[in-house]
Amino acid sequence: MRRKHPVNEKWSWVIAVCATLSVVEIPTRLVLHYPPGLLLECLDWLITAVYVIDLLLHLRYAGWLPGISLARGQTMPVPYSKWWLIADLLAAIPFRVLPVPAPLQLLRLLKLARVGQTMHYWRQRAVQSANFLRLLFFMYWLMLLTHCAACGWLALRGLPPEFDKTTHYVRAIYYSITTLATVGYGDITPTTSPQMLYAMALMILGAGVYSYVIANVATILANIDPAKVRYREMVEKLSAFMRYRNIPSDLQQRILDYNAYLWEKRLGYDESAAIAGLPPSLRAEVSMFLNREIIEKVPLFKGASEDFIRAVAMEMRPVIFTPGDYIMRAGEPGSEMYFISRGRVEIVSADGKTVYATLGAGDFFGEMALLFHQRRTASARAAEYCDLYMLEKGTFDNILLRFPDFDSHLHTVAGKRQDGNTEMIRRAAIAKE
Ligand code: CMP
């Protein structure tokens, strides 16, 4: 089910930007003691206003504001726990202008929990890029961690007068990165016990963070394109098997070409298997979408009823033939008919020498054996890579019963083809005499 955002997607990004600005600005100001200029003052008031509005919005969505009804289009109150209420409330208080200890301003960073909530929501929603988002969000937290660790270090170390504020910050970031990465070049070293304890805590944290990175980045990168990974694995296994069983090299090449074609056209997915687990109504819709190309190409489907197209689309199975493959042989019993989506198919005599017709995208064949309950009247050979859709006899018979128009159209085409062939054979026999 598509998850709905508890308040509003765009608004949650506004909160995320405000929380990020706060986490960058407040700790830096507290440790570097720079006076807040007009711009920062305005920014702080703006963030306060945004957080107060956010608090009110949540109270409204939760139905906690007396005398105010729920938001438009909202049927049920959105649960609002007391912990969220406390966090939102503390973050909204402008401690900077109140006569309280300065570190209380850090309570504004509680709003980062909302950023975590928004990221969680987006990772669940953007399924296709979930891995990419995971990496991106992780980098975001890592940067904030590095910044906060640097500010913590400055708070412990103090600001010796030999450097200006920018140099202090750059050195602290350098220290924080080298310690978190457990590289520690030793050019900036802790001297007091609290500094050493801080450095050890950072190193332990860093070890955890970097083992997480190493363990996850490879998986994340591999999962960015799982279909390609699966395809490569399959090709490697197949190649090893073919080498092991000494399959002739031209046959090996054909097998690999076939798989490459399958990959290029369908990313190696077996479409029928991929949608088999869906409920019938959803499967019908997906089938219609997946088979829209063939439905648009086959003249027989043009102007046909929605019911008919749906019935056929649900039952057609995609199959691929490589150049030179025999799709059917004359004289065999027939159990399916085909629609051509891509490629050319030659209809040939039993010995393969006489070409009766060459069919292309939008044509169909194999209907005669099913209609007249007889053996195949001709062979069909793929002249190039062919994407076909197959309709099995059982389904074909059902569809004929349900849609008489389809039945009569097929009878007309099949009759003409049969007459044409008879005529061709007669002429060939006369020519021989
Ligand atoms: P079927 O006899 O089941 O199997 C061979 C198929 O080739 C046949 O059905 C027709 O669909 C098709 N076919 C036979 N002759 C022709 C033709 N002259 N033109 C186009 N298709 C043909």
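Predicted, not measured: the structure shown is a model, and the values here were computed from it. Numbering of residues begins from 1 in every chain and follows the order in which that chain's sequence is written. At least 70 in pLDDT is required for a residue's local features to be given in this predicted model, at least 80 for side-chain atom pairs to be given and counted, and no such filter applies to totals for whole chains, interfaces and linings, which use all residues. Hydrogens and waters are ignored; side-chain quantities use all the structure's heavy atoms.

Let's talk about the domain arrangement of the protein
Moving on, step 1. Each domain's limits were defined by an automated method or a database of domain assignments. Here the domain parsing of the protein yields domain 1 (9-222), domain 2 (226-266) and domain 3 (290-432).
Moving on, step 2. Computed over C-alpha atoms, the centres of domain 1 and domain 2 are 49 Å apart.

Brief notes about the site of the ligand
Moving on, step 1. Working definition: residue near molecule or strand if any one of its non-hydrogen atoms lies within 4 Å of it. Of all residues adjacent to the ligand, which total 14 residues, the nearest are Gly 366, Glu 367, Arg 376, Thr 377 and Asn 421.
Moving on, step 2. Take Gly 366: an N or O atom from its main chain is 2.7 Å from an oxygen atom of the ligand.
Moving on, step 3. The contact in question runs from a nitrogen atom of the ligand to an N or O atom on the side chain of Asn 421, over 2.7 Å.
Moving on, step 4. Here the Shrake-Rupley method, with its probe set to 1.4 Å, supplies the accessible areas, and only the displayed protein chains count as covering residues. Surface burial for the ligand is 95%, taken as the share of its 450 Å² of free accessible area covered by protein chains.
Moving on, step 5. Each residue belonging to the shell around the ligand can be placed in one class, and the counts come to eight nonpolar, three polar and three charged. Contacts described as polar in this section are N or O atom pairs within 3.5 Å, which, within protein, must combine one atom able to donate a hydrogen with one able to accept it, while residues neighboring in sequence count only if both atoms come from side chains. Residue type decides the class: Asp, Glu, Lys and Arg count as charged, Ala, Val, Leu, Ile, Met, Phe, Trp, Tyr, Cys and Pro as nonpolar, and the leftover types, Gly among them, as polar.

Topic: the pairing of strand 8 (residues 386-392)
Moving on, step 1. Within strand 8, six of the seven residues are buried, which leaves it mostly tucked inside the rest of the structure.
Moving on, step 2. Two elements, strand 1 (residues 317-321) and strand 8, share five bridges in a ladder whose sense is antiparallel. The residue bridging Phe 321 from the neighbouring strand is Cys 386, located in strand 8.
Moving on, step 3. Two strands form a pair only when DSSP identifies at least two bridges running between them. We count a stretch as a helix when DSSP gives it H or I for four or more residues in a row; a strand needs E for two or more, and each element gets its number in order from the N terminus. Bridging between strand 3 (residues 336-342) and strand 8 involves six bridges; their strand directions are antiparallel. Working definition: with a 1.4 Å probe on protein chains only, accessible area under 20% of the residue-type maximum means buried, over 50% means exposed, and in between means partly exposed.

Points about the pattern of salt bridges
Moving on, step 1. For this analysis, a salt bridge means a side-chain nitrogen from Lys or Arg found within 4 Å of a carboxyl oxygen belonging to Asp or Glu. Scanning all chains against the criterion turns up 17 salt bridges.
Moving on, step 2. Salt-bridge contacts for Arg 344 lead to Glu 384; the nearest nitrogen and oxygen are separated by 3.2 Å. Remark: Glu 384 occurs in the loop between strand 7 (379-382) and strand 8 and Arg 344 occurs in the loop between strand 3 and strand 4 (345-348); sequence separation between them is 40 residues.
Moving on, step 3. Counted as one network, the salt bridges with shared partners bring together Glu 41, Asp 44, Arg 96 and Arg 108.

As for the packing of helix 1 (residues 9-32) against helix 2 (residues 38-61)
For any two helices packed against each other, the geometry comes down to the angle between their axes and how far apart the axes lie.
Moving on, step 1. Note on method: axes are straight lines fitted to C-alpha atoms, helices fitted across the in-contact stretch only, with angles between N-to-C directions ranging 0 to 180 degrees. Relative orientation of the contacting elements helix 1 and helix 2 amounts to 140 degrees, with a least axis distance of 10 Å. Here helix 2 runs oblique to helix 1, going by the angle between their axes. Crossing of helix 1 over helix 2 shows left-handed handedness. For the pair formed by helix 1 and helix 2, the contact residues are Trp 11, Val 14, Ile 15, Cys 18, Ala 19, Leu 21, Ser 22 and Glu 25 on the first element and Leu 40, Leu 43, Ile 47, Val 50, Tyr 51, Ile 53, Asp 54 and Leu 57 on the second. Should an angle lie under 35 degrees it is considered roughly parallel, over 145 roughly antiparallel, and from 65 to 115 roughly perpendicular; all remaining angles are considered oblique. By the definition used in this description, the sense in which the near helix is turned from the far one sets the handedness, with an anticlockwise turn below a right angle giving left-handed and a clockwise turn giving right-handed. In what follows, a contact means two residues having at least one pair of non-hydrogen atoms within 4.5 Å.

Re the nonpolar core
Moving on, step 1. Counting residues in each nonpolar core, the largest one holds 27 residues, and the members touching the most others are Phe 339, Phe 396, Phe 406 and Leu 410.
Moving on, step 2. If you list the elements that add at least two residues to this core, you get helix 12 (292-297), helix 13 (306-315), strand 3, helix 14 (367-371), strand 8, helix 15 (393-402) and helix 16 (404-432).
Moving on, step 3. At five residues, the largest contribution of residues to this core is made by helix 13.
Moving on, step 4. Each residue touching Phe 396, except ones within four places of it in the same chain, is listed here: Met 337, Glu 367, Leu 370, Leu 371, Leu 391, Phe 406 and Leu 410.
Moving on, step 5. We call a set of buried Ala, Val, Leu, Ile, Met, Phe, Trp, Tyr and Cys residues a nonpolar core when their side-chain atoms join them within 4.5 Å. Residues Ala 19, Ile 47, Ala 91 and Leu 133 belong to the second largest nonpolar core, which totals 22 residues.

Here we look at helix 6 (residues 165-180)
Moving on, step 1. With 16 residues, helix 6 extends 22 Å between its outermost C-alpha atoms, agreeing within 8% with the 22 Å of an ideal straight helix rising 1.5 Å per residue.
Moving on, step 2. Phi for Thr 182, located one or two positions after helix 6, is positive at around 50 degrees. Residue count minus one, scaled by 1.5 Å, sets the expected span of a helix.

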